[in-house]
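# Breakdown of the fold
Here's the letter readout for the chains.
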Amino acid sequence: MHARGPHPRAASALRVAVLASGRGSNLQALVDARDAGDLAIDIVGVFSDRAEAPVLERARRAGIRATSLAPAGFARRAAFDAALFAAVDHVQPHLIVCAGYMRLISSAAVRRHLGRMINIHPSLLPQYPGLDTHARALADGATEHGASVHFVIPALDAGPVIAQARVPVLPDDDAAALSQRVLAREHALLVRSVALIADGRIDCDGGHVRLDRSPLSAPLQLGADDRLHAAPAA
Ligand SMILES: Nc1nc2c(c(=O)[nH]1)N[C@@H](CN(C=O)c1ccc(C(=O)N[C@@H](CCC(=O)O)C(=O)O)cc1)CN2
Ligand SMILES: NCC(=O)N[C@@H]1O[C@H](COP(=O)([O-])[O-])[C@@H](O)[C@H]1O
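In the annotation of an unreviewed UniProt entry, the protein is listed under the name Phosphoribosylglycinamide formyltransferase and assigned to Chiayiivirga flava. According to its UniProt record, the protein has this under Sequence similarities (unreviewed entry): "Belongs to the GART family." Quoted verbatim from the Pathway (unreviewed entry) field of the UniProt record, the comment on the protein reads "Purine metabolism; IMP biosynthesis via de novo pathway; N(2)-formyl-N(1)-(5-phospho-D-ribosyl)glycinamide from N(1)-(5-phospho-D-ribosyl)glycinamide (10-formyl THF route): step 1/1."

## Structural notes on the pattern of salt bridges
What the rule picks out here adds up to 9 salt bridges. A salt bridge links Asp226 to Arg185; the nearest nitrogen and oxygen atoms lie 2.5 Å apart. Here the residue Asp226 occupies a position in the loop between strand E11 (220–222) and strand E12 (228–229), and Arg185 occupies one in helix H6 (residues 175–198), the gap between them amounting to 41 residues. Through salt bridges with shared partners, one network takes in Asp203, Arg210 and Arg213.

## Quick look at the site of ligand 1
In the region of ligand 1, 18 residues are neighbours, and Arg103, Leu104, Asn119, His121 and Asp157 sit closest. A distance of 3.1 Å is found between an oxygen atom of ligand 1 and a side-chain nitrogen or oxygen belonging to Arg77. Contact between ligand 1 and Ile105: a nitrogen atom at 3.0 Å from a main-chain N or O atom of the residue. Compared with its free state, where it exposes 710 Å², ligand 1 has 78% of that area covered by protein.

## A closer look at the packing of helix H1 (residues 25–35) against helix H2 (residues 54–61)
Remark: H1 packs on H2, axes separated minimally by 9 Å, with the N-to-C direction vectors making an angle of 15°. Our classification of the angle between H1 and H2 gives roughly parallel. Judged by the twist between their axes, the crossing of H1 over H2 is right-handed. Note on element contacts: H2 touches H1 through Val55, Arg58 and Ala59, opposite Ser25, Leu27 and Gln28.

## Some remarks on H6
Count 3.6 residues to each turn of an α-helix, and residues three or four apart come out pointing the same way. Between its first and last C-alpha atoms H6 spans 33 Å; for 24 residues at 1.5 Å apiece the expected length is 34 Å, and the two agree. The sharpest bend along H6 measures roughly 30° and falls at Glu186. Gly200 sits one or two residues past H6 and shows a positive phi near 75°.

## Examining the site of ligand 2
Taken together, Arg23, Gly24, Ser25, Asn26, Gly100, Met102, Ile120, His121, Pro122, Leu183 and Glu186 form the complete shell of residues around ligand 2. In the environment of ligand 2, an oxygen atom lies 2.8 Å from a nitrogen or oxygen atom belonging to the side chain of Glu186. Within the complex, 88% of the 450 Å² of free accessible area of ligand 2 lies under protein. Within the residue set of the shell around ligand 2, elements represented by two or more residues are H1, strand E5 (117–121) and H6. Of the residues in the shell around ligand 2, the class split is 4 nonpolar, 5 polar and 2 charged.

## Section: the sheet that holds strand E10 (residues 214–215)
A sheet is described by the order of its strands in space; here 3 strands give the open sequence E8-E9-E10, paired in antiparallel fashion. Both outer strands of the open sheet, strand E8 (202–205) and E10, are each paired with one neighbouring strand and no more. Looking at chain direction, strand E9 (residues 208–211) and E10 are connected through 2 bridges and run antiparallel. Within E10, the position partnered with Leu211 by the bridge is Ser214.

## Quick word on the side chain of His113
Inspection of the secondary structure puts His113 in the loop between helix H4 (107–112) and E5. A polar atom in the side chain of His113 sits 2.7 Å from the backbone oxygen of Ala109. Filtering out sequence-adjacent residues up to four positions away, His113 remains in contact with Phe85, Asp89 and Ile96.

Parameters at a glance
- Residues numbered from 1 in each chain as written.
- Chains lettered and ligands numbered in written order.
- Predicted model: local features only at pLDDT ≥ 70, side-chain atom pairs only at ≥ 80, totals over all residues.
- Heavy atoms only, no water.
- UniProt positions renumbered as here; feature names shortened; annotations may be inferred.
- Salt bridge = Lys/Arg side-chain N within 4 Å of Asp/Glu carboxyl O.
- Helix = DSSP H or I, 4+ residues; strand = E, 2+ residues; numbered from the N terminus.
- Near = heavy atom within 4 Å.
- Polar contact = N/O pair within 3.5 Å; in protein donor to acceptor, adjacent residues only side chain to side chain.
- Areas by Shrake-Rupley, 256 points an atom, 1.4 Å probe, with all protein chains shown as cover.
- Axes fitted to C-alpha atoms, helices over the stretch in contact; angles between N-to-C directions.
- Parallel < 35°, antiparallel > 145°, perpendicular 65-115°, else oblique.
- Left-handed = near helix turned anticlockwise from the far one by under 90°.
- Contact = heavy atoms within 4.5 Å.
- Expected span 1.5 Å × (residues − 1).
- Bend = angle between axes of the 7 residues up to and from the residue.
- Nonpolar A, V, L, I, M, F, W, Y, C, P; charged D, E, K, R; others polar.
- Pairing = 2+ DSSP bridges.

Written out as structure tokens, the structure reads:
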């Protein structure tokens, strides 16, 4: 990939809001990369649907605004999403990162943020959208598994894929072992993907991922060097 000039927004860091429901190791990877000077982002807020999610404490420890909203307080999914994204929009993010956010986001909310919302998913999409991906891969006898970073569209886990990380499935793997091996690669995958967006090198145009303003023919691949590389020609 040839280096290009930074995005016109280079004067200010990419404002990133994170949506998460769980332990927050992917958020932590973004925080650590930011603090190490490896990622030019300003994490402007972390938002969760679960008040007890450990990700919120990670955010607070990092000095990041942490907000939770209980879906039980809303009659409909769309009403919950309207309230949640009103809080998200209030911090004016350039990019929203779903990092273990375990709710289907209503179409209206997705459409308002099309091209500005990404998700990290624990499978090699389009394989295994949805939940329980590791158990499903094992049940199928898959020999390879991994994670994908994709732009979010209304259809679940169906948006254009930016980058993937691949891991082997080992004969004695159970879902826990496989998920740990995948998770260990997710952190670099997410950091590098967000870095390309922050540098203005990756965007989404008409439902297609572009790298340096040219259509990306296949997802970038995370190498052993923890950097993203063009997929080998088929
Ligand atoms: N409209 C979209 N919303 C979301 C997407 C997306 O691509 N389009 N990605 C997800 C993240 N995700 C997988 O990566 C995912 C999240 C939630 C679910 C799901 O079935 N959730 C259930 C509740 C499950 C539970 O509470 O344990 C639900 O919302 O009813 C599947 C996949 C983020 N949202
Ligand atoms: N369908 C969405 C989904 O399953 N996302 C997955 O949730 C985990 C969150 O871990 P973390 O809270 O430690 O970042 C990650 O493995 C991520 O891929």
